[in-house]
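# Report on the structure
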Amino acid sequence: MAISKKQMKTLAEVNFDLFQPVMVQTRPIMPIREETPPDQSNIISLPPVSWLYRMFDEFNQQFFEGRLPRAKISYSDRMLIAGSFTPVKNEIKIGRKYHRIFPDEIADTLKHEMIHIINPNHDSRFKSIAARIGASVRARSHPSLRGNYKYLYICPHCGREYPRQKRLRMAYCGICTKNGQYDARFKLRLSNSKED
Ligand SMILES: [Zn+2]
Ligand SMILES: [Zn+2]
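Heads up: these notes are all about the structure in this document. (Residues numbered from 1 in each chain as written. Chains lettered and ligands numbered in written order. Predicted model: local features only at pLDDT ≥ 70, side-chain atom pairs only at ≥ 80, totals over all residues. Heavy atoms only, no water.)

## Here we look at the overall build of the chain
Scanning the chain from N- to C-terminus turns up five helices and six strands. Along the chain direction, N to C, the helices and strands of the chain fall in the order α-α-β-β-β-α-α-α-β-β-β. Relative to its 196 residues, the chain shows a buried fraction of 37%. Contacts spanning at least 24 positions in sequence make up 50% of the contacts within the chain whose residues lie at least 6 apart. Surface summary for the chain: the accessible area is close to 13100 Å², and the carbon and sulfur share equals 54%. (Helix = DSSP H or I, 4+ residues; strand = E, 2+ residues; numbered from the N terminus. Buried < 20%, exposed > 50% of the residue type's maximum accessible area, 1.4 Å probe, protein only. Contact = heavy atoms within 4.5 Å. Areas by Shrake-Rupley, 256 points an atom, 1.4 Å probe, with all protein chains shown as cover.)

## Looking at the coordination of the zinc ion (ligand 1)
Note on the zinc ion (ligand 1): its protein donors are Cys-155 (SG), Cys-158 (SG), Cys-173 (SG) and Cys-176 (SG). The metal-donor distances range over 2.3 to 2.4 Å. Coordination at the zinc ion (ligand 1) is tetrahedral: its four donor atoms span angles of 107 to 114° at the metal. Cys-176 gets classed as buried once you look at its relative accessible area, which sits at 16%. (Donors = N, O, S within 2.8 Å, 3.2 Å for Na, K, Ca; no water. Tetrahedral: all angles 85-135°; square planar, octahedral: opposite > 155°, others 65-115°.)

## So, the packing of helix H4 (residues 106-118) against helix H5 (residues 124-133)
Remark: H4 packs on H5, axes separated minimally by 10 Å, with the N-to-C direction vectors making an angle of 140°. Relative to H5, H4 is oriented oblique. Considering the relative orientation of H4 and H5, their crossing is right-handed. Taken together, the residues of H5 that come into contact with H4 (itself represented by Lys-111, His-112, Ile-115, His-116 and Ile-118) are Arg-125, Phe-126, Ile-129, Ala-130 and Ile-133. Grouping the constituent residues of the contact of H4 with H5 by class yields six nonpolar, two polar and two charged. (Axes fitted to C-alpha atoms, helices over the stretch in contact; angles between N-to-C directions. Parallel < 35°, antiparallel > 145°, perpendicular 65-115°, else oblique. Left-handed = near helix turned anticlockwise from the far one by under 90°. Nonpolar A, V, L, I, M, F, W, Y, C, P; charged D, E, K, R; others polar.)

## With respect to the nonpolar core
If you look at the biggest cluster of nonpolar residues, it comprises 26 residues, and the most contacted ones within it are Phe-56, Phe-64, Ile-73, Ile-92, Leu-110, Met-114 and Ile-115. Of all elements in the fold, only helix H2 (49-64), strand S1 (72-76), strand S3 (91-95), H4 and H5 reach the threshold of two or more residues within this core. Non-local contacts of Met-114, meaning those with residues more than four positions away in its chain, are made with Phe-56, Phe-59, Asn-60, Phe-64, Leu-68 and Ile-92. Of all hydrophobic cores here, the second largest spans nine residues; its members include Cys-155, Cys-158, Cys-173 and Phe-186. (Core = buried A, V, L, I, M, F, W, Y, C linked by side-chain atoms within 4.5 Å.)

## Examining the packing of H2 against H4
Running from N to C, H2 and H4 cross one another at 60°; their axes reach a closest spacing of 10 Å. In terms of orientation, H2 and H4 fall into the oblique class. Every pair of crossing elements has a handedness; the one defined by H2 and H4 is right-handed. Taken together, the residues of H4 that come into contact with H2 (itself represented by Trp-51, Leu-52, Met-55, Phe-56, Phe-59, Asn-60, Phe-63 and Phe-64) are Ile-106, Ala-107, Leu-110, Lys-111, Met-114, Ile-115, Ile-117 and Ile-118. When the residues that make up the contact of H2 with H4 are grouped by side-chain class, the tally is 14 nonpolar, one polar and one charged.

## Notes on unusual backbone geometry
With a phi close to 50°, Asn-90 is a non-glycine residue in the positive phi region. Along the polypeptide, Asn-90 turns up in the loop between strand S2 (83-86) and S3.

## Comments concerning the pairing of strand S5 (residues 161-164)
Each regular strand displays side chains that alternate between the two surfaces of the sheet. Here four bridges tie strand S4 (residues 151-154) to S5, and the two strands are oriented antiparallel to one another. Each bridged residue has a counterpart across the sheet, and for Tyr-153 the counterpart in S5 is Tyr-162. As consecutive antiparallel partners, S4 and S5 are separated by six residues, and within that stretch Gly-159 has a phi angle of approximately 85°, a positive value. (Pairing = 2+ DSSP bridges.)

## Overview of the packing of aromatic side chains
Aromatic ring pairs are described here by two measures, namely the spacing of the ring centres and the angle between the planes. In the structure shown here, the tally under the stated rule is three aromatic pairs. Between the aromatic rings of Phe-59 and Phe-63, the centroid separation amounts to 5.7 Å while the plane-to-plane angle is 35°, which identifies the pairing as tilted. Of the two residues, Phe-59 and Phe-63 are both situated in helix H2; the distance of four residues between them amounts to about one turn of the helix. Neither residue differs from the other here; Phe-59 and Phe-63 are each classed as buried. Here the aromatic rings of Tyr-98 and Phe-102 are separated by 4.9 Å at their centres, their planes lie at 55°, and the arrangement is tilted. Taking relative accessible area as the criterion, Phe-102 reaches 9% and is therefore assigned buried. Taking the ring centre of Tyr-75 as reference, the NZ or CZ of Arg-96 above it sits at 4.4 Å. We note Lys-111 situated over the ring of Phe-59; from NZ or CZ to the ring centre the distance is 5.3 Å. (Phe/Tyr/Trp six-rings, centres within 6.5 Å; stacked < 30°, edge-to-face > 60°. Lys NZ or Arg CZ within 6 Å of the ring centre and 35° of its normal.)

So far we have only geometry, and geometry alone does not tell us how the molecule works.
Here you go:
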């Protein structure tokens, strides 16, 4: 039996009407309590940059006998890592996304980056200073901080991020090696720590 277009339309409407109540019935009578924490990314406001400078000065006096040169400090909206220190700019960047998830870690991150002013790598000297002043060596991870990539590399010199799907070996920053200088300072580091 041939079905006209009009009949098809009517049938579609009938099916649709039948489908709806089934959907309603499959819902649990008692609502399941959502355990997912609310998205606080727009609720949490981070301290102003002036506060970061005050903390810097306090930590400098408290832990470094006031001997660290004052670095420029700013927030980064783009960065997914906790923080970074860029020697060539003498600049500390604090990741906003990271600290909206872990707001209690700002002072910790700042201390970590301050150590980088005198110690670029996470070597044993770095670790001993970190232990002395109560700074973490590694940052925490959170699903929302992993972008659409497996590995996040960063240039320790300029702070540029290189998100990649595969591991990189012996990779250098394209910006810093422009003049063909393959310097160890431009070798990309895997971001699995506070700043990396
Ligand atoms: Zn670079
Ligand atoms: Zn670091």
